[in-house]
Each structure stands twice: as structure tokens, then as C-alpha cells.
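Structural overview for review
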Number of protein chains: 2
Amino acid sequence: MGTTKTKDYSAQELSIAKYAKALSHPARVAILNVLLKRQSCICGAIVDELPLSQSTVSQHLKELKAAGLIKGDIDGVSVCYCIDEKEWTKAKNQLGLLLDRLTLPASKCC
Amino acid sequence: MGTTKTKDYSAQELSIAKYAKALSHPARVAILNVLLKRQSCICGAIVDELPLSQSTVSQHLKELKAAGLIKGDIDGVSVCYCIDEKEWTKAKNQLGLLLDRLTLPASKCC
DNA sequence: CAAATTCATCGTAATTTTACGATTAATATG
DNA sequence: CATATTAATCGTAAAATTACGATGAATTTG
């Protein structure tokens, strides 16, 4: 309990859930907003724009990285984060595929 | 702790997070797959297609309903669920707006 | 009306998530 | 080399999530 039975779902379902989970917290959406807007994406700069502590932001960055949506390049003492375009596109396509599937005149039952 | 500070985020960030959260579990994606595919969307039929107990499915349905993505019509003893087209479109647009924002030649920093 | 069906809700347990301060490792700067 | 700066990680606590069986409410059906 408290554990998801990943074994019983399709690759599509798991993939979509993974990307959606990355976007399921406003702080992570806010981080992505910063990365999409800015050139400089030094971790410290992100921390400055968010109402969260450095350690909490670092954790959110780790999750975004785990989902593949961002990557970080070490640059001396600091780390520069940015969108991973390839994976981002994949997320867009996967989510789009699901969300675009309501084209027909809709199910007749409700 | 354990609680998100919703006060400090924009409406866009909260809205996207809300929809993404609804899609952040493979069981809920699977439920939506069923609703998108089927005409008949009786709760019991959904339970039959998922590897989860009736009470667990009911809980997931509740969350999808809370996010606005689905609605349920009582029909005698059973309940017929279906996609809420209006809200679904909103989710699609909100998520699309974020995900489509990587059109430019990408940030130069990484 | 009794029995069956359908589904929501309750109670509970394990796990995960969210958040923060403190510490640590690594690099830069005086 | 001592000191600062940057960011990850650790430890911890509170809360939310996931899951299930049991119970309840509502509606059919016999």
C-alpha cells in the first residue's frame, strides 16, 4: 500500500504518468517557466525566483531531472540547468496524444 | 511540511499542476483511456478493466472528478462516467501552452 | 418486503511527497 | 592555505498518496 503497481500498466500509461508527475507540483512548473524564459539558468538564480529554500528547490530540480525534462551542466562552482529538448518533445507528444484524442463528437453515454 | 504553499504560485502554475496531478498516476491514465475508447463508461466496467479493487478505482475516479476532467451521471444503481469535454479542452490548452513554449532555438546556456 | 447489485465512503496501513535546516563536497577567491 | 560560494545530500517531520477490505446507502429484482 502506498506503492503503485507499475507492473500492471502499459508503457504509454507509465510514460504519461511519469511526465505528468513531473509537472504535478506548481514549484516545478514555476522552475520550468524560469528555464523557458531565461538564458541564464544557474541554480541559484532559480532559487532566487522561488519562494522555497535552496534544498527544496534542489530536490525539485532532481525530480525534473529524473523525469528527463531538464539537464544540468556543472560550471565551476555553479550548475546551469536547462530544458532537455529531446525529452521535452517526447513529453509533449505523449501528453498531446492522450489529450488530442477527444476529437470525435464525444461518447454518447453522458 | 508535506504541504504545498499554493499561495505563492501563479494561477497558470496552479492550474497546470492540478491537471498534471490528475494524470500523474498510471491507473488514472488507464481510466481515461477506457473512457476515451468506450461508449459505455459504467463504473463497474472500468473496475473490470483495471487491476485494482473497486474502492481504489472509486478513489481515482473521485480525483479525476475533482480535477474536473470527468463527470459522472447516476443511472439507477450504476454510475456512468465520461470525459468533461470543456475541462478536458482547458487542460489540453493549458498543458499545450507550456509544452509548446520550446519553439525557439533553445536557451544558449547548456 | 427481502435479497442482490452498484458504488461511495470509512478506517487503516505502508509509502511517498513536500519542506526545511544542517552538513558536506567542490570550486573559487583573498 | 584560509575563506567564501554554490549546490547536492542527509536527517527529520508533517502531510498526502495509494491501496484494500468492510461498511453503508440507494436502487433494483424476486
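Nothing here was measured: the structure is a model prediction, and the numbers come from that model.

The rules behind these values
- Residues numbered from 1 in each chain as written.
- Chains lettered and ligands numbered in written order.
- Predicted model: local features only at pLDDT ≥ 70, side-chain atom pairs only at ≥ 80, totals over all residues.
- Heavy atoms only, no water.
- Helix = DSSP H or I, 4+ residues; strand = E, 2+ residues; numbered from the N terminus.
- Buried < 20%, exposed > 50% of the residue type's maximum accessible area, 1.4 Å probe, protein only.
- Contact = heavy atoms within 4.5 Å.
- Lys, Arg positive; Asp, Glu negative; His and termini not counted.
- Charge placed at Lys NZ, Arg CZ, Asp CG, Glu CD.
- Pairing = 2+ DSSP bridges.
- Near = heavy atom within 4 Å.
- Polar contact = N/O pair within 3.5 Å; in protein donor to acceptor, adjacent residues only side chain to side chain.
- Nonpolar A, V, L, I, M, F, W, Y, C, P; charged D, E, K, R; others polar.
- Least-squares fit on C-alpha atoms with pLDDT ≥ 70 in both.
- Expected span 1.5 Å × (residues − 1).
- Arc of directions from axis to C-beta.

**Topic: the overall build of chain A**
In terms of helices and strands, chain A carries 5 helices and 2 strands. Mapped in sequence order, the helices and strands of chain A form the string α-α-α-α-β-β-α. Its C-alpha atoms give chain A principal-axis dimensions of about 55 × 35 × 25 Å. Taking all 110 residues of chain A together, the buried fraction comes to 46%. Of the contacts made within chain A by residues no fewer than 6 positions apart, 50% connect residues no fewer than 24 positions apart. In chain A, 15 side chains carry a positive charge and 11 a negative one; their mean positions are 6 Å apart.

**Some thoughts on the pairing of strand β1 (residues 70–75) of chain A**
Residues and elements named next belong to chain A. Bridge count for β1 against strand β2 (residues 78–83) is 6 bridges, and the pairing is antiparallel. Each bridged residue has a counterpart across the sheet, and for Ile74 the counterpart in β2 is Val79. Where β1 folds back on β2, the antiparallel hairpin that results is connected by 2 residues, among which Gly76 adopts a positive phi of roughly 70°.

**What to know about the protein's contact with DNA strand D**
Neighbouring DNA strand D are 31 residues; A:Gly2, A:Gly44, A:Ser58, A:Tyr81 and B:Lys21 lie closest to it. Each atom of DNA strand D within 4 Å of the protein belongs either to a base or to sugar and phosphate, the latter forming 60%. A:Val79 places a polar main-chain atom, nitrogen or oxygen, 3.0 Å from a phosphate oxygen of DNA strand D. B:Ser53 places a main-chain nitrogen or oxygen 3.1 Å from a phosphate oxygen of DNA strand D. Of all the secondary structure elements, the ones that give two or more residues to the surface near DNA strand D are α3 (43–49), α4 (54–66) and β2 of chain A together with α4 (54–66) of chain B. Among the elements that take part in the surface near DNA strand D, α4(B) stands out by supplying 5 residues, more than any other.

**Quick notes on the protein's contact with DNA strand C**
Within the structure, DNA strand C sits among 31 residues, and A:Lys21, B:Gly2, B:Gly44, B:Ser58 and B:Tyr81 are positioned closest to it. When the atoms of DNA strand C within 4 Å of the protein are grouped by moiety, sugar and phosphate amount to 60% of the total. Note that a phosphate oxygen of DNA strand C is positioned 3.1 Å from one of the side-chain N or O atoms of A:Arg28. Within the contact set of DNA strand C, a base nitrogen lies 3.3 Å away from a side-chain nitrogen or oxygen of A:Gln59. Looking at the surface near DNA strand C, the elements that each hand over two or more residues are α4 of chain A together with α3 (43–49), α4 and β2 (78–83) of chain B. Counted by class, the surface near DNA strand C contains 9 nonpolar, 17 polar and 5 charged residues.

**Here's the deal with the relation of the copies chain B and chain A**
Mapping chain B onto chain A calls for a screw motion: a turn of 180° about the axis and a shift of 0.0 Å along it, with 0.0 Å RMSD after fitting. Expressed as a symmetry operation, the mapping of one chain copy onto the other fits a two-fold axis. For chain B, the residue whose C-alpha comes nearest the rotation axis is B:Ala20, separated from it by 2.3 Å. Of the interface residues in chain B, 100% have counterparts in chain A that sit at the interface too, so the contact is made through matching surfaces.

**A closer look at α4(B)**
All names here are of chain B. An ideal rise of 1.5 Å per residue puts 18 Å on 13 residues; α4 measures up with 18 Å between its terminal C-alpha atoms. Those residues of α4 not exposed but buried are Val57, His60, Leu61 and Leu64. Mapping the buried residues of α4 onto a view down its axis gives an arc of 105°, with all of them on the same face. Of the residues in α4, the exposed ones pointing more than 90 degrees away from the buried face are Gln59, Lys62 and Ala66.

The quantities given are spatial measurements derived from coordinates; they are silent on function.
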